Amino acid sequence: MIERSYTGARPAIRLPRGAIDTQTHMFLPGYPAIEPGPPLPEGLPGPAEYRRLMDWLGIDRVVVTQGNAHQRDNKNLIACLAEMGPVARGVAVIDATTSQVELDRLHAAGIRGARIMDLPGGAVGLEALEAVDVRAAAMGWVTAVQFDGNRILEHEARLAALQSRFIIDHHGKFFAGAAPDSPEIDAVRRLIDTGNCWFKFAGCYESSRSGEPAYEDIAATARALAAHAPDRIVWGTNWPHNLAKTTADYPNDAALTDTVLGWFPDEDGRRLALVDTPQALFGFPPLAP
């Protein structure tokens, strides 16, 4: 049985007040997996467990993303947002057939984004990108786009034409060791410079070839992008690390947080990525003085 850690040394880098984790999944009993998605994670890590992680790492707010296991059925996500309360917002799965009534219901429940996941197990892929983008833009939502980053040059024109604010998810996923001066990372810079593109630091271990503890290949591109546009970066834990199948594979969240937050050029950059930028993107109220 996989054992998830919720205690231990806290991150050496202290998270700023109001810190927002923009990449998590949560699960509650009573919502079975739907084919062809993956199975539910062992132990159904949900809101109660995530609150322990918040206390450990110093996270104040969270964005919960619809898990692939539930495909296009957002009921589990809505239930988790209700459990988390006002500190949470969500990213749901929608498509061209989603009614306006349903979009309004999702918005009232705290949804502020739509997910494109063009990798195995994803519910809605790039074939629906423009249709989802139109719906998200009309709702004032962001579009979180995850795809094989090795193919970003093929997709750049489509991404640049999006109407909604959009996030390139999971470090661009799989950039295959792309260096900071590679054509792929140059494409990310161009997209960021259009004004409606952001880049998410989350799940570096899924894309890194050099591996832990430093993930130097991902670190090099992350540092370059954080220096290029610190106001265009957001951060997420990727909890509960669904690809980890054993305790040995499960990352130490405090150590991982220190590693990733160390890629920002300074404290101001971290505050932008952890507080100001995601607060605006996902419609959280400003912090009280």
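Everything below is about the structure printed above this text.
**Here's the deal with the pairing of strand β5 (residues 142–146)**
Two faces belong to every sheet, and in a regular strand the side chains alternate between them.
Argument step 1. Counting buried residues in β5 gives 5 out of 5 residues, a clear majority hidden from the surface.
Argument step 2. Burial of β5 is two-sided: the residues Val 142, Ala 144 and Gln 146 facing one way and the residues Thr 143 and Val 145 facing the other way are all buried.
Argument step 3. Taken together, the 5 bridges between strand β4 (residues 111–117) and β5 define a ladder with parallel strand orientation. Paired with Ile 116 across the strands is Val 145, a residue of β5.
Argument step 4. Handedness of the β-α-β unit built from β4, helix α4 (residues 129–139) and β5 comes out right-handed.
Argument step 5. Strand direction decides the pairing type here: β5 and strand β6 (residues 165–168), joined by 4 bridges, are parallel. In the strand pairing of β6, Val 145 is matched with Ile 168.

**Thoughts on helix α2 (residues 75–84)**
Argument step 1. A large share of α2 lies buried, amounting to 7 of its 10 residues.
Argument step 2. All of the buried residues in α2 are Asn 76, Leu 77, Ile 78, Ala 79, Cys 80, Leu 81 and Met 84.
Argument step 3. Tucked inside the fold, the buried residues of α2 contact α1 (47–57), β2 (61–65), β3 (88–92), α3 (100–108) and β4.
Argument step 4. Among the residues trailing α2, Gly 85 stands out with phi positive, at a value near 80 degrees.

**Observations concerning the side chain of Arg 115**
Argument step 1. Structurally, Arg 115 is set in strand β4.
Argument step 2. For the buried Arg 115, no salt bridge is present, and the opposite-charge side chain at shortest range is Asp 169, 5.2 Å distant.
Argument step 3. Reaching out from Arg 115, the side chain makes a polar contact with the backbone oxygen of Gln 66 at a distance of 2.9 Å.
Argument step 4. The contact partners of Arg 115, leaving out residues within four places of it in the chain, are His 25, Thr 65, Gln 66, Gly 67, Asn 68, Val 91, Ala 92, Val 93, Val 124, Ala 144 and Gln 146.

**Focus: the packing of aromatic side chains**
Argument step 1. Applying the stated criterion across every chain yields a total of 4 aromatic pairs.
Argument step 2. Here the aromatic rings of Phe 199 and Phe 201 are separated by 6.2 Å at their centres, their planes lie at 85 degrees, and the arrangement is edge-to-face. Phe 201 matches Phe 199 in its accessibility class, with the two residues each being buried.
Argument step 3. In this structure an aromatic cluster arises from ring pairing among Phe 199, Phe 201, Trp 263 and Phe 264.
Argument step 4. The side chain of Arg 89 reaches across the aromatic face of Phe 284, ending 4.8 Å from its centre.
Argument step 5. When the ring centre of Trp 198 is taken as origin, the NZ or CZ atom of Arg 232, which lies over that ring, is 4.2 Å away.

**Section: the sheet that holds β2**
Sheet strands pair via backbone hydrogen bonds, and the direction of the pair is either parallel or antiparallel.
Argument step 1. What the 8 strands build is an open sheet, ordered β1-β2-β3-β4-β5-β6-β7-β8; its pairing is parallel. The open sheet terminates on both sides in strands that have one partner only, identified here as β1 (20–24) and β8 (233–235). Each adjacent strand pair in this sheet contributes to an overall mean axis angle of 25 degrees, direction not counted.
Argument step 2. Note that strand β7 (residues 197–201) and β8 share 3 bridges and pair parallel. Considered in β8, the bridge of Phe 201 is made with Trp 235.
Argument step 3. The sheet contacts of helix α6 (residues 183–193) involve β6 and β7, and relative to β7 the element is tilted by about 130 degrees.

Here is what the cut-offs are and how they apply
- Residues numbered from 1 in each chain as written.
- Predicted model: local features only at pLDDT ≥ 70, side-chain atom pairs only at ≥ 80, totals over all residues.
- Heavy atoms only, no water.
- Buried < 20%, exposed > 50% of the residue type's maximum accessible area, 1.4 Å probe, protein only.
- Helix = DSSP H or I, 4+ residues; strand = E, 2+ residues; numbered from the N terminus.
- Pairing = 2+ DSSP bridges.
- Right-handed = clockwise from strand over helix to strand, strands pointing away.
- Contact = heavy atoms within 4.5 Å.
- Lys, Arg positive; Asp, Glu negative; His and termini not counted.
- Salt bridge = Lys/Arg side-chain N within 4 Å of Asp/Glu carboxyl O.
- Polar contact = N/O pair within 3.5 Å; in protein donor to acceptor, adjacent residues only side chain to side chain.
- Phe/Tyr/Trp six-rings, centres within 6.5 Å; stacked < 30°, edge-to-face > 60°.
- Lys NZ or Arg CZ within 6 Å of the ring centre and 35° of its normal.
- Axes fitted to C-alpha atoms, helices over the stretch in contact; angles between N-to-C directions.

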